[in-house]
Amino acid sequence: MRKRTVWAWVVAIFCFIVLMIVTPAIPQSQEYHNFADQRQFLGIPNALNVVSNFPFLVIGLIGLVLCHHGNYFKLSLQGELWGWTCFYIGVAAVAFGSSYYHLNPNDATLVWDRLPMTVAFTSIVAIFIIERIDERKGTLSLIPLLLAGVISIMYWRFFEDLRPYAVVQFVPCLAIPVMAILLPPMYTHSTYWLWAAGFYLLAKIEEAADRPIYNWTHHIVSGHTLKHLCAAMVPVFLTLMLAKRDTETNRISLYQSWRISWSKAKENGAEVESYTCTYSSVPVEESR
């Protein structure tokens, strides 16, 4: 098992090095800072993009309190407690970092927007390793993953290259839903991971469609504002999952459970069809 872990890290590092060699640097486009909705309200520039970060603060503080007050979430593993604590700290900090950035959008303030998001992303990866792969490995990976996230931000600022940050942000977004489906969970209600992933995907679509959404809504709300609100639903769903879940006694993956449900549905359908055919043939026999 240990040898496989070493090989997995070697392969991952090798792939990252190859990626950095064969792909060109990705500079931060300055057009990114030109948001559709730049209206002021009560003296606040870009007001809706600023205040729409408030839900992050609310859910972040709620999550922190529930993590540590009476162990409401029933976190039995120390690594889980550390991981979820870092996650909720990152979520709460997004409210301040993103608001600060949207008050004056530029590369320097964007650092403080991306840094707390990176803390949340990397914490989630460590939590997922604890739950789905190995408790010890997940706990030990928390600090290295957090450092990798911070380094990716520093690399972008010093070398004007977004590639490491893109890996830190988007690889978990692809890997976690796949792992949530294929790997057996430690806890119940694991479908909440997929709801969270779905809302994050929707948030990225709204971010990309910032100006079209602003035009479609007749300048009522922009895509970036909606992106903040949808992204805030990610910690909401994960908090609901923590509040509802119990230890899973029958550890099978979502994929396996879906296959079982599909097989049962097909069997029930076949039984109903057989019964219908038998029932419909009775009058024919009687008429003879």
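Residues numbered from 1 in each chain as written. Predicted model: local features only at pLDDT ≥ 70, side-chain atom pairs only at ≥ 80, totals over all residues. Heavy atoms only, no water.

**Some remarks on the environment of Tyr-32**
What counts here: The secondary structure listing takes helices from DSSP runs of H or I that are at least 4 residues long and strands from runs of E that are at least 2 residues long, numbered from the N terminus. Residue contacts follow a heavy-atom distance rule, with two residues in contact if any of their heavy atoms lie within 4.5 Å. Polar contacts, as counted here, are pairs of nitrogen or oxygen atoms within 3.5 Å of one another; within protein the pair requires one atom able to donate a hydrogen and one able to accept it, and residues that are adjacent in sequence qualify only if both atoms are side-chain atoms.
Mapped onto the elements of the fold, Tyr-32 is located in the loop between helix 1 (2-22) and helix 2 (47-51). Residues Tyr-32 and Asp-107, 75 residues apart in the sequence, show an inter-C-alpha distance of 9.6 Å. The residues touching Tyr-32, leaving out its near neighbours within four places in the chain, are Tyr-101, Leu-110, Arg-114, Glu-207 and His-224. At a separation of 3.0 Å, a polar atom in the side chain of Tyr-32 contacts the side chain of Glu-207.

**Description of the pattern of salt bridges**
For the record, the criterion: In what follows, salt bridge is the name for a side-chain nitrogen of Lys or Arg lying within 4 Å of a carboxyl oxygen of Asp or Glu. Relative accessibility decides the category of a residue: with a 1.4 Å probe and only protein chains considered, values under 20% of the type maximum give buried, values over 50% give exposed, and everything between is partly exposed.
The full count for this structure, using the stated rule, is six salt bridges. Close ionic contact of Glu-131 with Arg-245 constitutes a salt bridge, the shortest N to O distance being 2.8 Å. Taken together, the positions of Glu-131 in helix 5 (residues 107-132) and Arg-245 in the loop between helix 10 (223-244) and helix 11 (254-287) put the pair 114 residues apart, joining distant regions of the chain. Judged by its relative accessible area of 6%, Arg-245 is buried. A salt bridge links Lys-204 to Glu-207; the nearest nitrogen and oxygen atoms lie 2.7 Å apart.

**Quick notes on helix 8 (residues 191-208)**
We apply this condition: Here, expected helix span is obtained from the residue count minus one, scaled by 1.5 Å. Working note: the arc is built from the helix axis to C-beta atom directions.
Given a rise of 1.5 Å per residue, 18 residues ought to cover 26 Å, and the 26 Å separating the end C-alpha atoms of helix 8 matches this to within 8%. Of the positions making up helix 8, those classed as buried are Tyr-192, Trp-193, Ala-196, Tyr-200, Ala-203, Lys-204, Glu-206 and Glu-207. Seen end-on, helix 8 carries its buried residues on one side only, within an arc spanning 160°. In helix 8, the exposed residues that point more than 90 degrees away from the buried face are Trp-195, Leu-201 and Ala-208. Where the residues of helix 8 are buried, they touch helix 4 (78-103), helix 5, helix 7 (163-182), helix 9 (210-216) and helix 10.

**As for the packing of aromatic side chains**
Under the convention used in this document: Only rings of Phe, Tyr and Trp enter the pairing, Trp through its six-membered ring, and a pair is recorded when the two centres are within 6.5 Å. The plane angle decides the type: under 30 degrees is stacked, over 60 is edge-to-face, the rest tilted. Criterion for a charge above a ring: Arg CZ or Lys NZ at most 6 Å from the ring centre, at most 35 degrees from the ring normal.
Overall, the coordinates contain 14 aromatic pairs when judged by the stated rule. Both rings, one in Trp-84 and one in Phe-87, keep their centres 5.5 Å apart while their planes meet at 85°; by these two values the pair is edge-to-face. Of this pair, Trp-84 and Phe-87 are both found in helix 4, three residues apart, which corresponds to roughly one turn of the helix. Residue classification places Trp-84 among the buried positions, given a relative accessible area of 0%. For Phe-87, a relative accessible area of 4% translates into the label buried. Taking NZ or CZ as reference, Arg-114 lies 4.9 Å from the ring centre of Trp-156, over its face. Here the guanidinium or amino end of Arg-157 rests over the ring plane of Trp-156, the centre of that ring lying 5.8 Å away.

**Examining the UniProt feature "transmembrane region" (unreviewed entry) in the protein chain**
Operational definition: UniProt positions are given in the numbering used here, feature names are shortened, and annotations may be inferred rather than shown by experiment.
When the UniProt feature table is mapped onto this chain, "transmembrane region" (unreviewed entry) is found at residues 7-27, 47-69, 81-103, 115-133, 140-159, 165-183 and 225-243. Helix makes up 95% of residues 115-133 and strand 0%. Its end C-alpha atoms lie 27 Å apart.

**Looking at helix 6 (residues 135-159)**
Given a rise of 1.5 Å per residue, 25 residues ought to cover 36 Å, and the 36 Å separating the end C-alpha atoms of helix 6 matches this to within 8%. Looking at helix 6, one finds that the buried residues are Gly-138, Ser-141, Leu-142, Leu-145, Leu-146, Gly-149, Ser-152, Ile-153 and Trp-156. On its buried side, helix 6 packs onto helix 4, helix 5 and helix 7. Near the N-terminus of helix 6, the side chain that reaches the backbone nitrogen of Arg-136, with its oxygen 3.1 Å away, is that of Asp-134. Positive phi appears at Glu-160, one or two residues downstream of helix 6, with a value of about 50°.

**Some details on unusual backbone geometry**
Its identity as a non-glycine residue notwithstanding, His-218 has a phi of 55°, on the positive side. For His-218, the location among the structural elements is in the loop between helix 9 and helix 10.

**Quick notes on the packing of helix 5 against helix 6**
Threshold: Every angle, taken between N-to-C directions, lies between 0 and 180 degrees, and every axis is a line fitted to C-alpha atoms, over only the stretch in contact when it is a helix. Note on angle classes: values under 35 degrees are labelled roughly parallel, values over 145 roughly antiparallel, values of 65 to 115 roughly perpendicular, and the remainder oblique. Here a crossing is called left-handed whenever its near helix is offset anticlockwise from the far helix by less than a right angle, and right-handed whenever the offset is clockwise.
Look at helix 5 against helix 6: their axes get within 8 Å of each other, and the N-to-C directions meet at 160°. Considering their axes alone, helix 5 and helix 6 lie roughly antiparallel with respect to each other. Handedness of the crossing formed by helix 5 with helix 6: right-handed.

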